[in-house]
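Breakdown of the fold
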Amino acid sequence: DPQQIELAMASKRKLRRFIVIDEVVDKLYGSKVREYFEENNVQHKILALPTTEETKSMDLVLNILHEVQNFSLDRRTEPIIAIGGGVCLDIVGLAASLYRRRTPYIRVPTTLLSYVDASVGAKTGVNFLQCKNKLGGYTPPVASFLDRSFIQSIPRRHISNGLGEILKMALMKHKGLFDLLKSHGKYLLDTKFQSCDSFAHHGDAALQTTRIAIETMLEELAPNLWEDDLDRLVDFGHLISPELEMRVLPSLMHGEAVNIDMAFMTYVAHARGLLGAEEKEQILQCMRGLELPVWHSGCSWALIQRALRERLKHSGGQPRMPLPTGLGVADIFNDTSEETLERAYELWVKD
């Protein structure tokens, strides 16, 4: 808002910013962040923290809030800035929502997963009693700043991890995105989603893939930001994965656990007659091409049953199971029998 900029520039009070940055990101980019604020004469406090699934707790939220209080933040004009992966963005979002009931915050995602997933939407949260994101709320950021250059410094496995969430949107909503991932998956992994002029035959696959993934995610989230409607296609891959991910920490990353869930649900869709054998194989082949796991020994039949019972508790007594009905099309189902699920599981394990 130009008027706000004018008021800020005219104010005699020095600009101030409180920044929470993941400690790994701080080692890579912290000096540039500090240099930026110093050059622009902004008084700042940078808090570098270990933000992982294991540390994603209320203790870390309270740690942030102690520092925010000491900084004497003005909640009307001084947004908290979160720079890091999805865990960092979730934790800072929750801290901001609690401080004086709601303090504005800005998300700066630095991983592919957070770029296409955590940066979009309103959810904040932390893990509690060994349950994923059991505490949290819906507080959208005032802005998300997306910069793919951060992604070039993350390991290849993290790129693959983010591709799991992109594939989710492709399977649910966009055949063109699925085709992009199938054709350019290895290239995207090799180039770490950087736009490279020297590979013209790939077009700008990185830009196209991320843009379509975010647009399709927004299409689903924007009309239902507070999840008043529990029938959500974006829940694909998130029925069993929360239980699996927390059970086997830290051996699986979020996108990997999601993909294992999606692989099983692909077999469920096949067992129900929604997907032909060729479509099922195309999906699994694409997953492998993106270097994503399609099975994990920790995903036992008992764990699947437990996860689906937990699902019923917080989805209004219905499973609300998103399943692909083709490549890039899907629907929500409430009538998948135990027998079908078990048959799908046996075939999945056998394959």
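These numbers come from a predicted model, not from an experiment.

**A few points about the overall build of the chain**
- What the chain contains, in helices and strands, is 13 helices and 9 strands.
- Principal-axis analysis of the C-alpha atoms gives the chain an extent of 70 × 50 × 35 Å.
- Taken across its 351 residues, the chain has 53% of its residues classed as buried.
- Sequence-distant contacts, at least 24 apart, represent 74% of the contacts inside the chain between residues at least 6 apart.
- When the accessible surface of the chain is split by element, carbon and sulfur atoms take 51% of a total near 16500 Å².

**Points about the domain arrangement of the chain**
- Each assigned domain of the chain is listed here: domain 1 (2-152) and domain 2 (155-224 + 231-350).
- It is Leu112, Leu113 and Arg148 in domain 1 that bury the most area against domain 2; as a group they hold 32% of the surface buried on that side.
- Taken together, domain 1 and domain 2 are joined by 2 salt bridges.
- Taking the shortest distance from any N to any O, the salt bridge between Lys132 and Glu245 comes out at 3.3 Å.
- The tally of links from domain 1 across to domain 2 stands at 5 residue pairs in polar contact (both at pLDDT 80 or more).
- Here the side of domain 1 that touches domain 2 is built from residues that sort into 8 nonpolar, 5 polar and 7 charged.

**A look at the UniProt feature "domain: 3-dehydroquinate synthase N-terminal" (unreviewed entry) in the chain**
- In this numbering, the UniProt entry assigns the feature "domain: 3-dehydroquinate synthase N-terminal" (unreviewed entry) to residues 48-160.
- Measuring from the first to the last C-alpha atom of residues 48-160 gives 26 Å, for a span that is 35% helix and 25% strand.

**Overview of the side chain of His254**
- Assignment of secondary structure puts His254 in helix α10 (residues 254-271).
- Take His254: its relative accessible area is 13%, and that puts it in the buried class.
- In this structure, His254 is in contact with Leu113, Asp117, Lys132, Asn161, Glu165, His238 and Glu245, ignoring residues within four places of it in sequence.

**So, the sheet that holds strand β4 (residues 105-109)**
- If you trace the 5 strands from one edge of the open sheet to the other, you get β2-β1-β3-β4-β7, paired in parallel fashion. In this open sheet, the two strands that pair with only one neighbour each are β2 (43-49) and β7 (143-144).
- When strand β1 (residues 16-22) meets β2, the two strands line up parallel, connected through 7 bridges. Bridge pairing in β2 places Ile19 opposite Ile46.
- Sheet contacts for helix α3 (residues 58-71): β1, β2 and β3 (80-84); angle to β2, the most-contacted strand, approximately 165°.
- Lying on the sheet, helix α4 (residues 86-98) is in contact with β1, β3 and β4; it crosses β3 at an angle near 165°.

**So, helix α12 (residues 301-313)**
- For α12, with 13 residues, the first-to-last C-alpha span of 19 Å sits near the 18 Å given by 1.5 Å per residue.
- Listing the buried residues of α12 in full gives Trp301, Leu303, Ile304, Ala307, Leu308 and Arg311. Each buried residue of α12 sits inside an arc of 155° when the element is viewed along its axis, so together they form one side.
- Against α9 (241-248), α10, β8 (321-324) and α13 (338-350) lie the buried residues of α12.

**Focus on the packing of helix α6 (residues 156-173) against helix α8 (residues 205-221)**
- The interhelical angle for the contact between α6 and α8, taken along N-to-C directions, is 65°, at an axis separation of 9 Å. Classified by chirality, the crossing of α8 by α6 is left-handed. The residues of α8 that touch α6, namely those facing Ile166, Lys168, Met169 and Lys173, are Thr209, Ala213, Thr216, Met217, Glu219 and Glu220.
- For the contact of α6 with α8, a count of residues per class yields 4 nonpolar, 2 polar and 4 charged.

**Brief notes about the state of the cysteines**
- With the rule as written, the count across this model stands at 0 disulfides.
- Residue Cys131 stays outside any disulfide, its sulfur separated by 17 Å from that of Cys299, the closest cysteine.
- Since its relative accessible area comes to 28%, Cys131 is described here as partly exposed.
- Here Cys286 is not cross-linked by a disulfide; its sulfur's nearest cysteine counterpart is in Cys299, at 20 Å.

Basis of the calculations
Residues numbered from 1 in each chain as written. Predicted model: local features only at pLDDT ≥ 70, side-chain atom pairs only at ≥ 80, totals over all residues. Heavy atoms only, no water. Helix = DSSP H or I, 4+ residues; strand = E, 2+ residues; numbered from the N terminus. Buried < 20%, exposed > 50% of the residue type's maximum accessible area, 1.4 Å probe, protein only. Contact = heavy atoms within 4.5 Å. Areas by Shrake-Rupley, 256 points an atom, 1.4 Å probe, with all protein chains shown as cover. Domains from an automatic or database assignment. Buried area = accessible area lost by both parts, 1.4 Å probe. Salt bridge = Lys/Arg side-chain N within 4 Å of Asp/Glu carboxyl O. Polar contact = N/O pair within 3.5 Å; in protein donor to acceptor, adjacent residues only side chain to side chain. Nonpolar A, V, L, I, M, F, W, Y, C, P; charged D, E, K, R; others polar. UniProt positions renumbered as here; feature names shortened; annotations may be inferred. Pairing = 2+ DSSP bridges. Axes fitted to C-alpha atoms, helices over the stretch in contact; angles between N-to-C directions. Expected span 1.5 Å × (residues − 1). Arc of directions from axis to C-beta. Left-handed = near helix turned anticlockwise from the far one by under 90°. Disulfide = S-S within 2.5 Å.

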